[in-house]
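Remarks on the overall topology
What follows is the residue order along each chain.
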Amino acid sequence: LGAGPAVDELAERRRRRAPTWVAAAVAAAVLVVFAVVVWPSNRGSSLDVDALAANHVAMMDEGPTAASDPMPMDEAATYGPDVVSGGWSMAAAYLEPDEVVHLVYGRADDAAMVSVYRVAGGRPGDGPEGGEMMDVDGGPTWHGERQGMPVLVAERDGTVFTVVGPASDDDMLALVESMPA
């Protein structure tokens, strides 16, 4: 006879804990969906350096792509300076698909043009195949070549900058260092 109340008490405890288990299961499901679906699609999963280099080369050959949305220069100034050491001046700015900010810098003395792509919250990972991964001023930096152009990928304060074009290593680093994070 003494076992009856203990069984009832155990059933009551289980009944009270059920909402806790349900809430934990729902929270776990939400985390799985976020980790598998949302986070990788949010520009941070990887950086397509080949596509950015191809975009730069196409722009140099044919002008901005149809997907490039011109940005007013006063708005562009919030993403990068008008002039950078090495003689580079901002010539144009675009908002590319996936919220990639694309700044174009030119140099009057030799008509060289470079693209600086800015991806907020992006992650450079281990860098693309080939090239060299290094640490520059405490940040992961990759240097190599894509589409026949020098490319530098650097992460600073949670923002990834990809510089593509005929610029020296020092000029590429100066462009990245001049960008607000």
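Residues numbered from 1 in each chain as written. Predicted model: local features only at pLDDT ≥ 70, side-chain atom pairs only at ≥ 80, totals over all residues. Heavy atoms only, no water.

Some remarks on the overall build of the protein
The number of helices and strands found in the protein is 4 helices and 9 strands. Going from N to C terminus, the protein has its helices and strands arranged as α-α-β-α-β-β-β-β-β-β-β-β-α. Classification of the 181 residues of the protein by burial places 35% in the buried group. Counting only contacts in the protein whose residues sit at least 6 apart along the sequence, the fraction spanning at least 24 positions is 48%. (Helix = DSSP H or I, 4+ residues; strand = E, 2+ residues; numbered from the N terminus. Buried < 20%, exposed > 50% of the residue type's maximum accessible area, 1.4 Å probe, protein only. Contact = heavy atoms within 4.5 Å.)

Side note on the nonpolar core
Core analysis: the biggest nonpolar cluster contains 22 residues, and Trp88, Leu103, Tyr105, Val116, Val163 and Leu175 have the highest contact counts within it. Contact partners of Val116, with chain neighbours within four places excluded, come to Val101, His102, Leu103, Tyr105, Phe161, Thr162, Val163, Leu175 and Met179. Grouped together as the second largest cluster of nonpolar side chains are 13 residues, Val57, Tyr117, Val151 and Val164 included. (Core = buried A, V, L, I, M, F, W, Y, C linked by side-chain atoms within 4.5 Å.)

Some remarks on the environment of Arg118
When you line up the elements, Arg118 lands in strand S5 (residues 112-120). Owing to a relative accessible area of 10%, Arg118 belongs among the buried residues under this scheme. Note: C-alpha distance between Arg118 and Val101 (17 residues apart in sequence) is 5.0 Å. Once you skip the residues sitting within four places of it in the chain, Arg118 turns out to touch Tyr79, Glu99, Val100, Val101, Thr159, Val160, Phe161, Met179, Pro180 and Ala181. Side-chain polar atoms of Arg118 contact the backbone oxygen of Pro180, separated by 2.4 Å. (Polar contact = N/O pair within 3.5 Å; in protein donor to acceptor, adjacent residues only side chain to side chain.)

Notes on the confidence of the model for the protein
For any part of a model where pLDDT is low, the fine detail of the predicted coordinates should not be relied upon. Taken as a whole, the protein shows an average pLDDT of 78; of its residues, 71% reach a score of 70 or greater. Counting interchain partners and residues more than four positions distant, the pLDDT-below-50 stretch residues 21-45 has 16 contacts. (pLDDT = per-residue confidence, 0-100.)

Some remarks on the pairing of strand S7 (residues 139-146)
In terms of residue burial, S7 counts as a mostly covered element, since 6 of its 8 residues are buried. Here strand S6 (residues 132-136) runs beside S7; their pairing, made up of 5 bridges, is antiparallel. When the sheet's bridge partners are listed, Val136 is paired in S7 with Gly139. In terms of strand pairing, S7 meets strand S8 (residues 149-156) through 6 bridges, oriented antiparallel. Bridge pairing links Arg146 to Met149 in S8. The hairpin formed by S7 and S8 contains 2 residues between the paired strands, and Gln147 there has a positive phi angle of roughly 55°. (Pairing = 2+ DSSP bridges.)

Brief notes about the side chain of Asn55
Relative to the assigned elements, Asn55 resides in helix H2 (residues 49-62). Within the local environment of Asn55, its side chain forms a polar contact with the side chain of Tyr117, the two groups lying 2.8 Å apart.

Section: H2
Residues that lie three or four places apart on an α-helix share one face, since the helix turns once every 3.6 residues. Taking 1.5 Å per residue as the helical rise, H2 with its 14 residues ought to reach 20 Å, and the 20 Å between its terminal C-alpha atoms agrees with that figure. If you check which residues of H2 are buried, you get Val49, Leu52, Ala53, Asn55, His56, Val57 and Met59. Those residues of H2 that are buried are in contact with strand S3 (88-96), strand S4 (100-107), S5, S7, S8 and strand S9 (159-164). (Expected span 1.5 Å × (residues − 1).)

Overview of the pairing of S9
With 6 of 6 residues buried, S9 is to be regarded as a mostly interior element. Of the two faces of S9, both are covered, the one formed by Thr159, Phe161 and Val163 as well as the one formed by Val160, Thr162 and Val164. Summarising the sheet, S5 and S9 pair through 6 bridges and their orientation is antiparallel. Bridge pairing in S9 links Arg118 to Phe161. Across 6 bridges, the pairing between S8 and S9 is antiparallel. Among the inter-strand pairings, Ala154 is bridged to a residue of S9, identified as Phe161. The hairpin turn running from S8 into S9, its antiparallel successor, is 2 residues long, and Asp157 in that turn takes a positive phi close to 50°.

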